[in-house]
Amino acid sequence: MNAPAASILVVDDEPDLRTLYELTLLREGYRVETASSVQEAREHLKAHRFDAVITEMRLPDGFGMELLQDLRDQQRRERCVVMTAYGSAENAVEALRAGAFDYLTKPVDLKQFRSVVASAIQGTGGVPAPRAARSNGSSRSANPALGAESSSASTALDRLVGESEAIRNVKQRVAKVSRGMAPVLIHGESGTGKELVAQALHASSQRADGPLVAVNCGAIPENLLEAEFFGARKGSYTGASQDRDGYFQAARGGTLFLDEIGDLPLAMQSKLLRAIQERSVRPLGSTQEETVDVRIVSATHRDLAADVQAGRFRQDLYYRLNVIEIVIPPLRERREDLPALCAALLTRIAGESGMPVPQLTDRALNAIAAHPLTGNVRELENLLHRAVALSDGDELHVDEPTNGAAETLTTRPAPPAPAHEGSVSTAPTSSGIYASTSADTGQGPQLLASGCTVPLPSDLQAWLDQQEREILIRALKEAGFNRTATAARLGISLRQIRYRIARLNITVPNDQDPHDDLG
């Protein structure tokens, strides 16, 4: 016996559009009820339970957001899709933050309409997808599939190792926001595990059966960005011997993870914004746009809000990406997770190398804890790789940190304002912290005497820029002003080093124009 088709409530005050949506959904095999106002919709909701509610943003007697709020207040299971033609970017972001499953921009593309509705229906307590979807084998059966999805989501969350309050908050937020389609921005320092969080979001979502396509935005040459993201047609550029899909097409029905989104050039940012807003892309060399159904998850270690203020990142793209933010704490803020992290990493390292798992003694753990681990989990993994390779016997032997590293662990920089270009003033602090010294002196940080205080900088961004400028000048000098070698030494891309040289107005010898190769 076939299960009943999913039930949908459509709310729109325009009769022609309401009929169009109703007929489209009926052809897909859904049961449909319609309403023309907030009051009429509330009466339907009071009398019946639905699997999804599709509502116009503005209605004669109120707003579709009121229905969304009603569903939340009553803790009902209906997923809400909001349609808007009024200030679409701001209203769509507001709806997603309020808990809408997804949004559609008028005039609505019917192919996209059907896709969004199908996504909303899936995972609503085992309600089957309509007949058309079942015939394609794309539906998820009620109980076994849901059990498999739950297991997959649990496994993905388990990879976020730790039981500290900070990491528990991250897991809870991932589980909560994975259910919708709202874009997510993951923020965290380098090495904190941003891609693991993205994987957990994907595995916990109703898109877990679809692809997860991860893109390092800082690693793609600028002249290839458009073709890599949106695809290209045969002959669209030299060497394009056949049609090829881009990342958006490859991620159809799944999640597109944009890592280091802050490294995208401004020109590409505007094209990405349009693709996200319109949910369609135009491959290079094509005159036709292609509809794409992807969820956008992005990540960065940068302060994008500051980049927006400085004109380095588009404000409209920032608000479109940052509908929901997940902040990953650095390892220094959850050191109670070190034992569990070390155990998990050692098990994986030993498995990859075909060696028995070495014993993690208290002595080894104390030695690890003595390291500053400013590179977060990535640095911890590197430290354990080295320890496993150099250890003899069954016990793990970890090198003690150098004096400088050990001192850095217990002290945090409190920068004074720069005195002048090429030098940084220093002053002792009450807690024995480091102050920066000029990069031109060649001296490392020095531990300052206790009993004094360091004045806070009056302009933090200017102070940070000065520090970055001095580090870059020093690195460039040591590399003979070879930008490629400098970028490798500092662990950033060539495009990033070029961007920083231009932004900080650093003149490179034998360069007619220090900005000439920035593209």
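The following refers to the structure shown.

Procedures and definitions
Residues numbered from 1 in each chain as written. Predicted model: local features only at pLDDT ≥ 70, side-chain atom pairs only at ≥ 80, totals over all residues. Heavy atoms only, no water. Phe/Tyr/Trp six-rings, centres within 6.5 Å; stacked < 30°, edge-to-face > 60°. Helix = DSSP H or I, 4+ residues; strand = E, 2+ residues; numbered from the N terminus. Buried < 20%, exposed > 50% of the residue type's maximum accessible area, 1.4 Å probe, protein only. Core = buried A, V, L, I, M, F, W, Y, C linked by side-chain atoms within 4.5 Å. Contact = heavy atoms within 4.5 Å. Axes fitted to C-alpha atoms, helices over the stretch in contact; angles between N-to-C directions. Parallel < 35°, antiparallel > 145°, perpendicular 65-115°, else oblique. Left-handed = near helix turned anticlockwise from the far one by under 90°. Nonpolar A, V, L, I, M, F, W, Y, C, P; charged D, E, K, R; others polar. Expected span 1.5 Å × (residues − 1). Arc of directions from axis to C-beta. Salt bridge = Lys/Arg side-chain N within 4 Å of Asp/Glu carboxyl O. Pairing = 2+ DSSP bridges.

1. Observations concerning the packing of aromatic side chains
Tallying each qualifying case throughout the model produces 5 aromatic pairs. Between Tyr21 and Phe113, the aromatic rings sit 5.1 Å apart at their centres with planes inclined by 25°, giving stacked as the arrangement. Of the two residues, Tyr21 is situated in helix H1 (residues 15-27) and Phe113 in helix H5 (residues 110-121); the sequence distance between them amounts to 92 residues. Of the two residues, Tyr21 and Phe113, both sit in the buried class.

2. Focus: the nonpolar core
Ranked by size, the top nonpolar core spans 29 residues in total, and within it Phe229, Phe248, Leu258 and Ile261 carry the most contacts. If you list the elements that add at least two residues to this core, you get strand S9 (212-216), helix H10 (225-230), strand S10 (255-259), helix H12 (266-278), helix H13 (304-309) and helix H14 (315-321). The element contributing the most residues to this core is H12, with 5 residues. Apart from residues lying up to four places away in sequence, Ile261 is in contact with Leu185, Cys217, Leu272, Ser298, Ala299, Thr300, Leu304, Phe313 and Leu321. Grouped together as the second largest cluster of nonpolar side chains are 26 residues, Val184, Ile186, Leu201 and Val297 included.

3. A short note on the packing of helix H19 (residues 460-478) against helix H21 (residues 494-503)
Helices that pack against each other are described as a pair by the angle of their axes relative to one another and the distance between those axes. Direction vectors running N to C along H19 and H21 enclose 120°, while the axes themselves pass 11 Å from each other. The pairing of H19 with H21 is recorded here as oblique in orientation. Like other packed secondary-structure pairs, H19 and H21 cross with a definite hand, here left-handed. Counted together, Asp465, Glu468, Leu472 and Leu476 of H19 and Ile497, Arg500, Ile501 and Arg503 of H21 form the full contact between these two elements. In the contact of H19 with H21, the residues fall into 4 nonpolar, no polar and 4 charged.

4. Structural notes on helix H8 (residues 165-177)
One full turn of an α-helix is made of 3.6 residues, so residues set three or four places apart face in the same direction. Helix length check: H8, at 13 residues, gives a terminal C-alpha distance of 18 Å against a target of 18 Å (1.5 Å per residue), a fit within 8%. Among the residues making up H8, those that are buried are Ile167, Val170, Lys171, Val174 and Val177. Down the axis of H8, the buried side of the element spans an arc of 145°, and every buried residue falls inside it. Exposed residues pointing more than 90 degrees away from the buried face of H8 are listed as Glu165, Gln172 and Lys176.

5. Things to note about the pattern of salt bridges
Inspection of every chain in the model, using the stated rule, returns 26 salt bridges. Glu226 is paired through a salt bridge with Lys271; the nearest N and O atoms lie 2.9 Å apart. Of the two residues, Glu226 is situated in helix H10 and Lys271 in helix H12; the sequence distance between them amounts to 45 residues. Judged by its relative accessible area of 24%, Glu226 falls in the partly exposed class. Lys271 gets classed as partly exposed once you look at its relative accessible area, which sits at 37%. Salt-bridge contacts for Arg312 lead to Asp307; the nearest nitrogen and oxygen are separated by 2.8 Å. By relative accessible area, which is 5% here, Asp307 ends up buried. A network of salt bridges, in which partner residues are shared, links Asp12, Glu14, Glu56 and Lys106.

6. Observations concerning the sheet that holds strand S13 (residues 295-300)
One open sheet holds the 5 strands; their spatial order is S9-S10-S13-S8-S14, and the pairing between them is parallel. The sheet is open, and its two borders are formed by S9 and strand S14 (324-327), each paired with just one other strand. Averaged over all neighbouring strand pairs, the angle between strand axes comes to 20°, with direction disregarded. Where S10 and S13 come together, 4 bridges link them in parallel fashion. From the neighbouring strand, Leu258 faces S13, where its bridge partner is Ser298.

7. Some words on the sheet that holds strand S1 (residues 7-11)
Sheets are built from strands paired through backbone hydrogen bonds, the pairs being either parallel or antiparallel. Ordered in space as S2-S1-S3-S6-S7, the 5 strands form an open sheet in which the pairing is parallel. Every other strand in the sheet has two partners, leaving strand S2 (31-35) and strand S7 (102-105) as the edge strands with one partner each. When strand polarity is set aside, the average angle formed by the axes of neighbouring strands in this sheet is 20°. With 4 bridges joining them, strand S6 (residues 79-84) and S7 adopt parallel strand pairing.

8. Focus on unusual backbone geometry
Geometrically, the link from Lys106 to Pro107 is a cis peptide bond, its omega value of -5° lying close to zero. Within the secondary structure, Pro107 is located in the loop between S7 and H5. One non-glycine residue with positive phi stands out, namely Glu260, at about 50°. By the element assignment, Glu260 lies in the loop between S10 and H12.

9. Quick look at helix H17 (residues 376-390)
The first and last C-alpha atoms of H17 sit 22 Å apart over 15 residues, in line with the 21 Å expected at 1.5 Å per residue. Residues of H17 that are buried: Asn376, Val377, Leu380, Leu383, Leu384, Ala387 and Val388. The arc enclosing the buried residues of H17, seen along the axis, measures out at 135°, which places them on a common side. Exposed residues lying more than 90 degrees from the buried face of H17 are Arg378, Ala389 and Leu390.

Scope: geometric values only; no functional claims are made or implied.
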